[in-house]
Amino acid sequence: MTVLLSGHYFDLVPRLASEINSRILFSESQQFWGPYTPYYPVEEYQQPPNGCSITQASTLLQRHGARYPTSSASKRIQKSLQKLLNASKYVDPKLEFLRSYQWHLGVADLVPLGSTQSFHSGAETYHRYSHLVDDHMLPFVRASGGDRVVMSAVNWTAGFADASRQLYHPSVSVIISETETSNNTLKNSMCPNSRASKTEANTWRDIFSASIVDRLNTAAVGAEILSQDIPELMSLCAFETISEEKESQFCDLFSLQEFQAYEHYQDLQKYYMTGYGNPLGRVQGVGYVNELLARLKGTPVEDHTQTNSTLDSSPITFPLDRTVYADFSHDDEMVAIYSALGLFPQTHPPSPTEVSPQSTWVVSRLVPFSGRMITEKMQCFEAGIPRDFIRILINDEIQPLAFCGAGDGLCGLEAFVDSQIYARCNGDGDFEKCFLE
């Protein structure tokens, strides 16, 4: 198969879907890497209930594929790593590899795994929804303008075409600019007053990292590791593993229980970044929700927040008659969209002092690399009368949608639209707060 990687096309050796879905593990800890977890289906996909048929895979909303660390993350990781490299002596044999270690990770670009993730997603979409596609009804694909997002979208179209045996060739029809002045529903860049609290995550970091700090400073004499270094070093396990597609030696420095604690640290980060914990978090997903409602209803977009009215008012750049849509985005924006929709509601904020095994706010299950939300519109017959229903899947896990139905995952279209009062009211005044001085 041929995929797009760093602006160039490469032929990669085809691999089983099970490998891409991470059922074959690189590392035992990888489902606890927060947003750096490789995609895996949280549940096995379930066909529609008896008497129902899918009429529109209204939207596949997908995060870009696995990548190298961003520029800012890379600097933080290397700063913490240098402390270990500066140690005068290594007491623990697990650190011996550092004697000859050389930094070799790129910055922000897709890694080969990230390209194949999107390719396989495109193929999966075709196999699942091929009955909705023909020569005159191809998927409509959009992407936020970041290179890794655009390349993920292109690789998705390649996977879709490959699965159809080159019968159908969707293309990326719209790329939305990520400049500061651009209206963009696929990136959280339009709320300058949004302030993410780091207090809760840092409180938990200091609790779970204390024993790790002591252990590493004993094992690496003179390293002077601090609490804030621990998440950076743990993320290096993830980035090296997904880059090399084999377990990084950094993973051996931490236990499975410690990675579970690291996951909770990332859960807290996202909850207070664009999730429910930020008063101006979920409003950043309102524009996209209103685009979703427009597609489900087949009516023009009604929104006064992040939407680009020029793009969304044109049938060329925002058609309302397609059966399959695919949008490519970033994790922070997807968290905002989930929150705006009312998904993963929390009766209490995640605890900054302990991990709750019952928590449903688990970032590795919400927005892993290549994570995805699928909104299915289906027609079901009740007493012989057809009605439209909605079903939402996050990484193939059916969401209960208790806010508009019986909590069984099916929601009448009208009830679903009515439930989205926050988005239909343009954030109920929150969007204006993004700009108040």
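See the structure printed just above.
Residues numbered from 1 in each chain as written. Predicted model: local features only at pLDDT ≥ 70, side-chain atom pairs only at ≥ 80, totals over all residues. Heavy atoms only, no water.

> Teacher, can you tell me more about the overall build of the chain here?
A count of helices and strands for the chain gives 14 helices and twelve strands. Relative to the globule expectation of 22 Å for 437 residues, the C-alpha radius of gyration of the chain, 22 Å, shows essentially globular dimensions. Structurally, the chain occupies a C-alpha span of about 75 × 50 × 45 Å along its principal axes. Looking at the chain as a whole, 57% of its 437 residues qualify as buried. Nonlocal contacts in the chain, meaning residues at least 24 apart in sequence, comprise 75% of its contacts between residues at least 6 apart. Roughly 18300 Å² of accessible area belongs to the chain as shown, and the carbon and sulfur atoms make up 51% of that amount. (Helix = DSSP H or I, 4+ residues; strand = E, 2+ residues; numbered from the N terminus. Rg over C-alpha atoms; globule rule 2.2 N^0.38 Å. Buried < 20%, exposed > 50% of the residue type's maximum accessible area, 1.4 Å probe, protein only. Contact = heavy atoms within 4.5 Å. Areas by Shrake-Rupley, 256 points an atom, 1.4 Å probe, with all protein chains shown as cover.)

> Mind showing me how you'd approach the state of the cysteines here?
When the sulfur atoms of two cysteines share a covalent bond, that bond is a disulfide. Scanning all chains against the criterion turns up four disulfides. The disulfide bridge from Cys-52 ends at Cys-380, spanning 2.0 Å between sulfur atoms. Measuring handedness by torsion sign, the sulfur bridge of Cys-52 and Cys-380 sits at about 115 degrees and is right-handed. Of this pair, Cys-52 sits in strand S3 (residues 52-63) while Cys-380 sits in strand S9 (residues 372-382), placing them 328 residues apart in sequence. There is a disulfide in this structure between Cys-237 and Cys-251, and the S-S distance comes to 2.0 Å. Handedness here is read from the sign of the S-S torsion; for Cys-237 and Cys-251, about 90 degrees, the answer is right-handed. Of this pair, Cys-237 sits in helix H6 (residues 229-244) while Cys-251 sits in the loop between H6 and helix H7 (256-273); the two residues are 14 residues apart in sequence, bridging distant segments of the chain. (Disulfide = S-S within 2.5 Å.)

> So what exactly am I meant to see when it comes to the pattern of salt bridges here?
For side chains bearing opposite charge, pairing can occur when the charged atoms are close. Tallied over the full model, the rule gives 19 salt bridges. For Asp-206, the salt bridge goes to Arg-205, with nearest N and O atoms at 3.1 Å. Note that Lys-270 and Asp-331 form a salt bridge whose closest N and O atoms lie 3.0 Å from each other. Residue Lys-270 is found in helix H7, and its partner Asp-331 is found in helix H10 (residues 331-341); the two are separated by 61 residues along the sequence. Note on Lys-270: relative accessible area 10%, which makes it buried. A single salt-bridge network, built from bridges that share partners, covers Arg-63, Lys-270, Asp-331 and Asp-332. (Salt bridge = Lys/Arg side-chain N within 4 Å of Asp/Glu carboxyl O.)

> Even after reading the chapter, I still don't get the packing of aromatic side chains, so can you show me in this structure?
Here the structure, examined in full by the defined rule, presents 19 aromatic pairs. Taken together, a centroid distance of 5.3 Å and an interplanar angle of 90 degrees make the contact between Tyr-271 and Trp-361 edge-to-face. With Tyr-271 in helix H7 and Trp-361 in the loop between H10 and helix H11 (363-366), this residue pair connects regions lying 90 residues apart in the sequence. Just as Tyr-271 is buried, Trp-361 falls in that class too. These aromatic residues form a ring-pair network of at least three members: Trp-204, Phe-208, Phe-254, Phe-259, Tyr-262 and Tyr-265. A cation over a ring is seen here: Arg-128 above Tyr-45, with NZ or CZ 3.7 Å from the ring centre. The ring of Tyr-422 is capped by Arg-282, whose NZ or CZ atom sits 3.7 Å from the centre of that ring. (Phe/Tyr/Trp six-rings, centres within 6.5 Å; stacked < 30°, edge-to-face > 60°. Lys NZ or Arg CZ within 6 Å of the ring centre and 35° of its normal.)

> What am I meant to see in the pairing of S9 here?
It is a general feature of regular strands that their side chains alternate between the two faces of the sheet. Summarising burial for S9: eight of the eleven residues are buried, a large majority. Of the pairings in the sheet, the one linking S9 to strand S10 (residues 385-394) comprises ten bridges and is antiparallel in character. Counted as the bridge partner of Lys-377 is Ile-390 from S10. Hairpin geometry of S9 and S10 is characterised by an intervening segment of two residues between the two adjacent antiparallel strands and by a positive phi of about 55 degrees at Ala-383. (Pairing = 2+ DSSP bridges.)

> Got a minute to help me understand unusual backbone geometry in this structure?
Peptide bonds are, in most cases, trans, and in most cases residues other than glycine have a negative phi. For Ala-108, which is not a glycine, the phi torsion comes out positive at approximately 70 degrees. Position of Ala-108 relative to the elements: it lies in the loop between strand S4 (89-90) and helix H3 (112-129). One non-glycine residue with positive phi stands out, namely Ala-383, at about 55 degrees. Looking at the secondary structure, you find Ala-383 in the loop between S9 and S10.

> Just checking my understanding: could you explain the pairing of S10 for this structure?
By the bridge criterion, two bridges tie S10 to strand S12 (residues 411-412) in an arrangement that is antiparallel. Bridge assignment links Phe-389 to a residue of S12, and that residue is Gly-412. By the bridge criterion, two bridges tie S10 to strand S11 (residues 397-398) in an arrangement that is antiparallel. Note that in S11 the partner of Leu-393 across the bridge is Ile-398.

> Is there a simple way to explain the side chain of Glu-232 in this structure?
As for its position among the elements, Glu-232 is in helix H6. Engagement of the side chain of Glu-232 in a polar contact is seen with the side chain of Arg-76, the distance being 3.4 Å. (Polar contact = N/O pair within 3.5 Å; in protein donor to acceptor, adjacent residues only side chain to side chain.)

> Honestly, the packing of helix H2 (residues 71-85) against H6 in this entry has me stumped. Any pointers?
In contact at an axis separation of 9 Å, H2 and H6 are set at 100 degrees when each is read in the N-to-C sense. The angle between the axes of H2 and H6 places the two elements in the roughly perpendicular class. Side by side, H2 and H6 meet where Arg-76, Ile-77, Ser-80, Leu-81, Lys-83 and Leu-84 of the first sit next to Asp-229, Glu-232, Leu-233, Ser-235, Leu-236 and Phe-239 of the second. Here the residues of the contact of H2 with H6 sort into six nonpolar, two polar and four charged. (Axes fitted to C-alpha atoms, helices over the stretch in contact; angles between N-to-C directions. Parallel < 35°, antiparallel > 145°, perpendicular 65-115°, else oblique. Nonpolar A, V, L, I, M, F, W, Y, C, P; charged D, E, K, R; others polar.)

> What's the story with the nonpolar core in this structure? I'm lost.
A general tendency of soluble globular proteins is for nonpolar side chains to be buried together. Leu-98, Phe-208, Phe-250, Tyr-338, Leu-343, Met-373 and Phe-416 are the most contacted members of the largest nonpolar core, which has 89 residues in total. Considering each element in turn, this core owes the most residues, eight residues, to H6. Apart from residues no more than four positions distant in its own chain, Leu-98 is found in contact with Leu-81, Leu-84, Leu-85, Tyr-90 and Phe-250. Counting residues in hydrophobic clusters, the runner-up holds 29 residues, among them Tyr-129, Val-150, Val-324 and Cys-380. (Core = buried A, V, L, I, M, F, W, Y, C linked by side-chain atoms within 4.5 Å.)

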